[in-house]
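Here is how the chains run, residue by residue.
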Amino acid sequence: MTEPLHPSPAEYTWPERGHRRLIGKRISRVDGPAKVSGKATYTYDVHRPGMLYGKILRSPYAHARIKSIDTSAAEKMPGVKAVHVIQGPGTEIFWAGDEIVAVAAVDEPTAEDAIRSIRVEYEILPHLVIDTDPQRAGDLAKPTAEEVVGDPDAAFQQAEVIVEGEYGLPVITHCCLESHGLVAEWEDEENLLVHISTQAVSSIPNQMARPLGIPAGNIRVKMDHIGGGFGSKFSPDRWGIVAARLSKMAGGRPVKIMLERDAELMVAGARPSAYGRVKVGAKKDGTLLAWESTSWGTGGMGGGGRPPLPYIFEIPNQRKQHTAIMNHIGSARAWRAPNHPQACLLTMAALEDLAAELGMDPLDFFLKNIALTGRRAEIYRQELQIAADLIGWKKHWHPRGDRSRGPIKRGLGLAIHTWGGRGHASNCDLTIHPDGSVEIKLASQDLGTGTRTGITIVAAETLGLPMDRIKVMIGDSRYPPSGPSGGSTTIGGVSSATRRAALDALDQLFAKVAPALNARPEDLEAVQGRIGVKGDPSRSMSWEQACARLGGMPLTVRGRNPGPGHLTGSGVGGVQMADVSVDVETGVVKINKMVAVQDCGLIIDMKTAESQCYGAMIMGIGYALYEEKIMDQLTGRMLNPNMEFYKLAGLGDVGELIVHMMTGPGYDERGVIGLGEPPVISPGAAISNAVANAIGVRVPYLPLTPDRVLEALHKKGGHHATH
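Residues numbered from 1 in each chain as written. Predicted model: local features only at pLDDT ≥ 70, side-chain atom pairs only at ≥ 80, totals over all residues. Heavy atoms only, no water.

S.K.: Could you give me a rundown of the overall build of the protein, with the residues and numbers involved?
M.R.: Secondary structure summary: the protein contains 17 helices and 30 strands in total. Compactness check: the protein gives a C-alpha radius of gyration of 28 Å against a globular reference of 27 Å for 723 residues, within 12% of the reference. Oriented by its inertia axes, the alpha-carbon framework of the protein measures out at about 85 × 75 × 45 Å. With 723 residues in all, the protein has 60% of them scored as buried. Nonlocal contacts in the protein, meaning residues at least 24 apart in sequence, comprise 80% of its contacts between residues at least 6 apart. Approximately 27700 Å² of the protein is accessible, and the part contributed by carbon and sulfur atoms is 52%. One finds the centroid of the 77 positive side-chain charges in the protein at a distance of 2 Å from the centroid of its 80 negative side-chain charges. (Helix = DSSP H or I, 4+ residues; strand = E, 2+ residues; numbered from the N terminus. Rg over C-alpha atoms; globule rule 2.2 N^0.38 Å. Buried < 20%, exposed > 50% of the residue type's maximum accessible area, 1.4 Å probe, protein only. Contact = heavy atoms within 4.5 Å. Areas by Shrake-Rupley, 256 points an atom, 1.4 Å probe, with all protein chains shown as cover. Lys, Arg positive; Asp, Glu negative; His and termini not counted. Charge placed at Lys NZ, Arg CZ, Asp CG, Glu CD.)

This is the structure:
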């Protein structure tokens, strides 16, 4: 590989607004046809010759110690090829569903029969599975130190209106439609091939190497498509290591373990809960003065994260304290914007309650205090005004409690949010072949968000080619390493690496072609499938003629991120508004309309960007109205580990969704910033606020189920004010 000819990093830039042929346009996904036709291969679809099926015996108890295990009956069964004890006698178990023994057999029914024949004796220990009351958690409650900013006591004395409320949202699961799992097979004694549903193709070999005692270079990971991850699929997990061990025990035969739906919902990842008692104070004119919060929540034995309170608004005087509750449920994993949806609900609900007590329109109240949002204040101001126009805020908003006749009450609510999203470390190899074909290889993954499409757009734009001339190859750990898809970092990372690779490759191609056009390399450009002299259409040649000058050798360039030039940035702001109807006789909440106004720097594909927001709003409606991991205090088990009672929003539940992306000057020059997480943060808060606006009382906890709505109406409470 030769050094690039760029004399200065400033030349690694995105094309100017008037010169973008593909970037920022609405372009359908390149893998769309494969997915809708059923041709796309997911891990579930992998069937290897001689493949065995793995099943796992799980603990029925939330907290126990294993006394003894008898696997003899399973080992004798015809068709059972391997039995592996995962956690032996003496081991302490901390959640129901934890893995005890695994078997591999010739088919699933045989494996299930084998699991049922295993005898395990447990010593049952006391458990805690609820998280709503830190007082009942005893030693499992881990309080953090109180934090004080400014002088909250003096500020509350100055405040003319003070509101106190309790708010919260429960543990929810990731509920990936393709459950976690893999197929593991030993190609020989030392080399392992893994087909796994993962968000981290490049990282899995390192994670599997140590427990299996082989070098990471001996492990090859392959994955074409993934059916959902949302932050839960970064690791091979215990079952991944177990599948590899079972395969080894069975003479290298492939072993497939895909979690059953109940296991997926019990143990494959959950978003931590958060609850809080919040007190906020302001002057009569709406000037925010003081914040006080006592918050708590759980993410299983890890305790969960600490929500960043107060969210977005840097209120000048604060007192806050958080308690992590460690309890006996399956462990937490990052769930699309970790800790932000929780902080957003606790903050925006409290501020909306304060606005109601002040007799202010919350839109006016937010705008009055917008300077407290810091460096993105002007962006939020613009976004709030655009969202208000799109939802008809000034026309439809009314003071708290819809006074119209009949049982159907309508209301509006809003929330704002932020996220980072800078592109991760990424490498790609871009190869131009002498026949003019272009290949890009990188060990990234498409989480369903359009990774392949984004890379294709950037390469085609830079090289002046149609998109169908670019072949993108991802999902294989043998390709150049690229970061995991987490924190909304993928699009920034892969697009920046691709842009640098394509610019460097063009430089090298221009150097080969310049003499034939009697020009200097820096005077050439690649446009519409031709290489020619800028401003002189008579001196040009086709892309194929140019590539033929490479001779017999393809040209390969390694593109990297981070690298020279400013191609990816960090930090976005978004606003969402919800219009809901509530039937006060049944407690049913219906979404009429939701509006998302969002920025994310330079947009590569407007269609996939809008799609990210639509998907996030639908997920948000899911956790606002339906989703909850319901635990049984008595047995310590999850009561709804199925798709019958773990409710998700369907097409008829989401209402009209409107997305407006902030683009142009002030946005584009910030580079490409990720968008997976930000728009999923606000829906819970915006919908909760809209319901409070409709029925006149706060429903304190999500999800806003009919029973909770009716209970709040019955109490006619939710917050109380002191003057």
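Structure shown, so let's carry the discussion forward.
S.K.: How would you explain the environment of A141 if you had to name every residue and give the values?
M.R.: Locating A141 in the fold gives a position in strand β7 (residues 141-143). Along the backbone, A141 and I325 are 184 residues apart, and their C-alpha atoms lie at a distance of 4.5 Å.

S.K.: Mind laying out helix α8 (residues 340-358), listing which residues take part and the relevant values?
M.R.: With 19 residues, α8 should reach 27 Å at 1.5 Å per residue; the first-to-last C-alpha distance of 27 Å fits that figure. For α8, the tally of buried residues reaches 17 of 19 residues, placing the bulk of the element in the interior. (Expected span 1.5 Å × (residues − 1).)

S.K.: Give me a nonpolar patch on the surface: which residues, what numbers.
M.R.: Together, L177, M643 and L648 make up an exposed nonpolar region whose accessible area comes to about 290 Å². Tracing the chain through its elements places L648 in the loop between α15 (606-625) and β29 (656-662). (Patch = residues over 30% accessible without salt bridge, like charges linked within 9 Å, V, L, I, M, F, W, Y side chains within 5 Å. Salt bridge = Lys/Arg side-chain N within 4 Å of Asp/Glu carboxyl O.)

S.K.: Give me the lowdown on the domain arrangement of the protein, citing residues and values where you can.
M.R.: Domain annotation of the protein identifies domain 1 (9-40 + 423-561), domain 2 (43-126 + 180-258) and domain 3 (338-421 + 569-722). Computed over C-alpha atoms, the centres of domain 1 and domain 3 are 39 Å apart. With 24 residues of domain 1 in contact, the opposing surface of domain 3 contributes 24 residues. Here domain 1 and domain 3 share an interface that buries about 1700 Å² over both sides, 53% of which is from carbon and sulfur atoms. Looking at the side of domain 1 facing domain 3, the largest losses of area belong to W14, R26 and S488, adding up to 29% of the total buried there. Viewed at the interface, domain 3 and domain 1 are joined by 3 salt bridges. One salt bridge in this structure joins R17 and D668, with 3.0 Å as the shortest N-O distance. Counting across the interface, domain 1 meets domain 3 through 12 residue pairs in polar contact (both at pLDDT 80 or more). Mapped by element, the contributors of at least two residues to the side of domain 1 that touches domain 3 are α12 (451-463) and α13 (490-513). (Domains from an automatic or database assignment. Buried area = accessible area lost by both parts, 1.4 Å probe. Polar contact = N/O pair within 3.5 Å; in protein donor to acceptor, adjacent residues only side chain to side chain.)

S.K.: Explain the pattern of salt bridges to me, and be specific about the residues and the numbers.
M.R.: Two side chains that carry opposite charge are able to pair once their charged atoms sit near each other. One pass over the full model with this rule turns up 39 salt bridges. E99 is paired through a salt bridge with R238; the nearest N and O atoms lie 2.8 Å apart. Separated by 139 residues along the polypeptide, E99 in strand β5 (residues 99-105) and R238 in helix α6 (residues 237-249) bring together distant segments of the chain. According to the relative accessible area criterion, E99 is buried, its value standing at 4%. One network of salt bridges, in which partners are shared, links K55, E108, E112 and E260.

S.K.: Account for the environment of K25, with residues named and values stated.
M.R.: Considering the arrangement of structural elements, one finds K25 in the segment before α1 (32-36). According to the relative accessible area criterion, K25 is partly exposed, its value standing at 38%. It is 5.4 Å that separates the C-alpha atoms of K25 and M606, two residues lying 581 residues apart in sequence. Excluding its chain neighbours within four sequence positions, the residues that come into contact with K25 are R20, I604, D605, M606 and K607. At 3.0 Å, the side chain of K25 forms a polar contact with the backbone oxygen of R20.

S.K.: Can you tell me about the nonpolar core, naming the residues and giving the values?
M.R.: Counting 149 residues, the largest nonpolar core has L192, M208, M348, L384 and I687 as its most contacted members. The element that contributes the greatest number of residues to this core is α8, accounting for 11 residues. Counting residues in hydrophobic clusters, the runner-up holds 48 residues, among them L22, I27, M467 and V533. (Core = buried A, V, L, I, M, F, W, Y, C linked by side-chain atoms within 4.5 Å.)

S.K.: Run through the packing of α12 against α13, naming residues and quoting values.
M.R.: Contact geometry of α12 with α13 gives a least axis separation of 9 Å together with a crossing angle of 25°. As the angle between them shows, α12 and α13 are arranged roughly parallel. Of the two possible hands of crossing, α12 and α13 adopt the one that is right-handed. Across from T451, G454, I455, V458, A459, T462 and L463 in α12, the residues of α13 making contact are T490, I491, V494, S495, T498, R499, A502, L503 and L506. Class assignment of the residues belonging to the contact of α12 with α13 gives a composition of 9 nonpolar, 6 polar and 1 charged. (Axes fitted to C-alpha atoms, helices over the stretch in contact; angles between N-to-C directions. Parallel < 35°, antiparallel > 145°, perpendicular 65-115°, else oblique. Left-handed = near helix turned anticlockwise from the far one by under 90°. Nonpolar A, V, L, I, M, F, W, Y, C, P; charged D, E, K, R; others polar.)

S.K.: Would you mind going over the pairing of strand β16 (residues 274-282) in detail, with residue names and values included?
M.R.: With 7 of 9 residues buried, β16 is to be regarded as a mostly interior element. Looking at chain direction, strand β9 (residues 161-169) and β16 are connected through 9 bridges and run antiparallel. The partner of G168 across the bridge, within β16, is Y275. Of the pairings in the sheet, the one linking β16 to strand β17 (residues 288-298) comprises 8 bridges and is antiparallel in character. Its bridge partner lying in β17, V280 is registered against W291. Between β16 and the antiparallel strand that follows it, β17, lie 5 residues; G286 among them carries a positive phi value of about 95°. (Pairing = 2+ DSSP bridges.)

S.K.: Before we move on, could you go through the pairing of β29 and cite the residues and values that matter?
M.R.: Of all 7 residues in β29, 5 are buried, a share of seventy percent or more. Relative to β29, strand β28 (residues 589-599) runs parallel, the two being bridged by 7 bridges. Within the sheet, the bridge partner assigned to K593 lies in β29 and is E656. In this view, the connection linking β28 to its parallel neighbour β29 by way of α15 has right-handed handedness. (Right-handed = clockwise from strand over helix to strand, strands pointing away.)

S.K.: Explain a negative patch on the surface to me, and be specific about the residues and the numbers.
M.R.: A surface patch of like charges, here negative, comprises E187, D188, E189 and E190. The residue D188 is located in the loop between β11 (181-186) and β12 (192-196) in this model. Since its relative accessible area comes to 39%, D188 is described here as partly exposed.

S.K.: Give me the lowdown on the sheet that holds strand β21 (residues 438-441), citing residues and values where you can.
M.R.: If you trace the 4 strands from one edge of the open sheet to the other, you get β22-β21-β20-β26, paired in mixed fashion. Of all the strands in the sheet, just β22 (470-473) and β26 (555-561) have a single pairing partner and so form its edges. Along the sheet, successive strands turn relative to each other by an average axial angle of 20°, direction set aside. The pairing of β21 with β22 spans 4 bridges and is classified as parallel. Along β22, the bridge assignment pairs E439 with K471. The strands touched by α12 are β21 and β22; relative to β22, the strand with the most contacts, the crossing angle is about 145°. Relative to β26, α13 is tilted by about 145°, and along the sheet it contacts β20 (426-432), β21 and β26.

S.K.: Account for the sheet that holds strand β19 (residues 408-419), naming residues and giving values.
M.R.: The strand order across the open sheet formed by 4 strands is β19-β27-β28-β29, and the pairing between neighbours is mixed. For this open sheet the edge positions go to β19 and β29, each flanked by a neighbour on one side alone. Within this sheet the neighbouring strands show an average axis-to-axis angle of 10°, counted without direction. Running over the sheet, α15 touches β27 (572-583), β28 and β29 and is turned about 135° from β29.

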